[in-house]
Amino acid sequence: MNRINQLLLSQSTNIDDYSSCRLKLENYLAFCQGKSKEKTTNFFWQLITLLRIKNNFLISFNYLKSDKFYESWCILETIEIDLNNLLDNSNKEFFIKYKLDFYRIYVEKWQSLFPYKIFLSMGFIASDFHCSICGHLLRPRNQCVHKKGKIYDGELCIHICSKIDDILEVSFVKNPMQKCCIIIKDYDYSLLQFLIQRLNSPFDGWYYFKTKIQVQRDNFNEVCESSPCPCQQNDKNFKDCCFNKSEIEIPHIEFILEKPFSEELPDLILPNY
């Protein structure tokens, strides 16, 4: 357990180490379940979830390095879900000891840089929901004793939908139930590429703040007159807004990195228009 604890407190980037320790803990958990050791099994669940968070944080970073942006986005969502479950099933001391605020803060920061703004959400009618703990068929007036989102003997209670009767609609939303349900199109990932090229480790600290910069009009010669204006300050098209200006003020993100990056990389990149 000392080795596992050291790994949980480390900034190791060895995915194999996390997978190996997680397998050991899962074996410990399975051995203790059903033996009236709920405090121990629940603690094992917390450690397993933490290992999964750290492991997925590395995977998400590696996906970004490989320009697999959608895959990274989906992994970030699983981290977010695990963090929320861990927050609901652990105390403040656990969060502080294992520095879980770091993952919460950086998951949110990474997500904020993705270009996904509109998502798909499906409305449906489902008749069969079961408790993952006891298998009870759930009804509005016939619930089981287990509470969704809580852990029992090292197992998280979830409600499993086993039957969808009818799909009612598919809507465009800004705050989806599932963030992986994006609209497939060509997205501009230049902001993410700019940042990830300047980081060597997922644990490298970085910050950003939003500002504006003046850009020469020549940089927008390929922007169609009827396209949205690059200034993004209103809903006007380019022709009716900044088309005749010598310089255009555009939104800009300034990054601050805790560690220096290669001098061969530029300090500034303009978004694709």
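Please refer to the structure placed before this passage.
An account of the accompanying structure is given in this report.

Definitions and cut-offs
Residues numbered from 1 in each chain as written. Predicted model: local features only at pLDDT ≥ 70, side-chain atom pairs only at ≥ 80, totals over all residues. Heavy atoms only, no water. Helix = DSSP H or I, 4+ residues; strand = E, 2+ residues; numbered from the N terminus. Rg over C-alpha atoms; globule rule 2.2 N^0.38 Å. Buried < 20%, exposed > 50% of the residue type's maximum accessible area, 1.4 Å probe, protein only. Phe/Tyr/Trp six-rings, centres within 6.5 Å; stacked < 30°, edge-to-face > 60°. 1 Å grid on protein atoms, 1.4 Å probe; cavity = no way out; pocket = protein on both sides within 12 Å on 5 of 7 lines; lining within 4 Å. Points joined across faces, edges and corners; volume = space filled by probe spheres on them. Salt bridge = Lys/Arg side-chain N within 4 Å of Asp/Glu carboxyl O. Expected span 1.5 Å × (residues − 1). Arc of directions from axis to C-beta. Contact = heavy atoms within 4.5 Å. Polar contact = N/O pair within 3.5 Å; in protein donor to acceptor, adjacent residues only side chain to side chain. Axes fitted to C-alpha atoms, helices over the stretch in contact; angles between N-to-C directions. Parallel < 35°, antiparallel > 145°, perpendicular 65-115°, else oblique. Left-handed = near helix turned anticlockwise from the far one by under 90°. Nonpolar A, V, L, I, M, F, W, Y, C, P; charged D, E, K, R; others polar.

**Details of the overall build of the chain**
Moving on, step 1. Counting its regular elements, the chain contains seven helices and six strands.
Moving on, step 2. Listing each helix as α and each strand as β along the chain from the N terminus yields α-α-α-α-α-α-β-β-β-β-α-β-β.
Moving on, step 3. What you see for the chain is a C-alpha radius of gyration of 23 Å, clearly larger than the 19 Å of a compact globule of 273 residues, by over 25%.
Moving on, step 4. Its C-alpha atoms put the chain at 75 × 50 × 30 Å along the principal axes.
Moving on, step 5. When the 273 residues of the chain are sorted by exposure, 36% land in the buried category.

**Overview of the packing of aromatic side chains**
Moving on, step 1. Going through the model one piece at a time under the given rule, you end up with 24 aromatic pairs.
Moving on, step 2. Taking the centre distance of 5.0 Å and the plane angle of 85° together, the rings of W73 and Y116 count as edge-to-face. Of this pair, W73 sits in helix 4 (residues 69-88) while Y116 sits in the loop between helix 6 (100-113) and strand 1 (119-131), and the two are 43 residues apart along the sequence.
Moving on, step 3. Classification of W73 by relative accessible area gives buried; the value is 4%.

**Quick word on empty space enclosed by the protein**
Moving on, step 1. Following the criterion strictly, the structure yields one cavity of 30 Å³ or more and no others.
Moving on, step 2. Estimates place the volume of the largest cavity at around 40 Å³.
Moving on, step 3. Surrounding the largest cavity, F57, S60, F61, L64, L76 and W110 form its lining.
Moving on, step 4. Of the residues forming the lining of the largest cavity, the biggest block, four residues, is contributed by helix 3 (residues 38-65).

**Regarding the environment of N244**
Moving on, step 1. Residue position: N244 is located in the loop between strand 5 (206-216) and strand 6 (247-257).
Moving on, step 2. Sequence separation between N244 and R217 is 27 residues; the distance between their C-alpha atoms is 8.3 Å.

**A short note on unusual backbone geometry**
Moving on, step 1. A positive phi angle is found at S36, which is not glycine, with a value near 55°.
Moving on, step 2. Its location among the elements puts S36 in the loop between helix 2 (15-32) and helix 3.
Moving on, step 3. Classification of S36 by relative accessible area gives exposed; the value is 79%.
Moving on, step 4. Positive phi, normally seen in glycine, also occurs at D67, with a value near 60°.
Moving on, step 5. Looking at D67, the relative accessible area reads 45%, which means it is partly exposed.

**With respect to the pattern of salt bridges**
Moving on, step 1. Within the structure shown, the criterion is met by eight salt bridges.
Moving on, step 2. Ionic pairing is found between R52 and D82, a salt bridge with its closest N-O pair at 2.9 Å. Within this pair, whereas R52 is found in helix 3, its partner D82 is found in helix 4, the two being separated by 30 residues in sequence.
Moving on, step 3. Overall, the relative accessible area of 22% leaves R52 in the partly exposed class.

**Description of helix 2**
Moving on, step 1. The end-to-end C-alpha separation of helix 2 is 26 Å, in line with the 26 Å expected for 18 residues at 1.5 Å each.
Moving on, step 2. Taken together, the buried positions of helix 2 are occupied by Y18, C21, L25, L29 and C32. All buried residues of helix 2 lie within an arc of 85° about the axis, which places them on one face of the element. Facing away from the buried side of helix 2 by over 90 degrees, the exposed positions are D16, A30 and F31.
Moving on, step 3. Where helix 2 is buried, its residues touch helix 1 (2-8) and helix 3.
Moving on, step 4. One side-chain oxygen at the N-terminal end of helix 2 lies 3.0 Å from the backbone nitrogen of D16; it belongs to N14.
Moving on, step 5. Looking one or two residues beyond helix 2, the residue adopting positive phi is G34, at roughly 80°.

**Some words on the packing of helix 2 against helix 3**
Moving on, step 1. Where helix 2 meets helix 3, the axes come as close as 9 Å, and the angle between the chain directions of the two elements is 160°. Comparing their axes, helix 3 and helix 2 come out roughly antiparallel. Of the two elements, helix 2 crosses helix 3, and the hand of that crossing is left-handed. Taken together, the residues of helix 3 that come into contact with helix 2 (itself represented by I15, Y18, S19, C21, R22, L25, E26, Y28, L29 and C32) are T40, T41, F44, L47, I48, L51, R52, K54, N55, L58, I59 and N62.
Moving on, step 2. Residue classes in the contact of helix 2 with helix 3 are distributed as 13 nonpolar, five polar and four charged.

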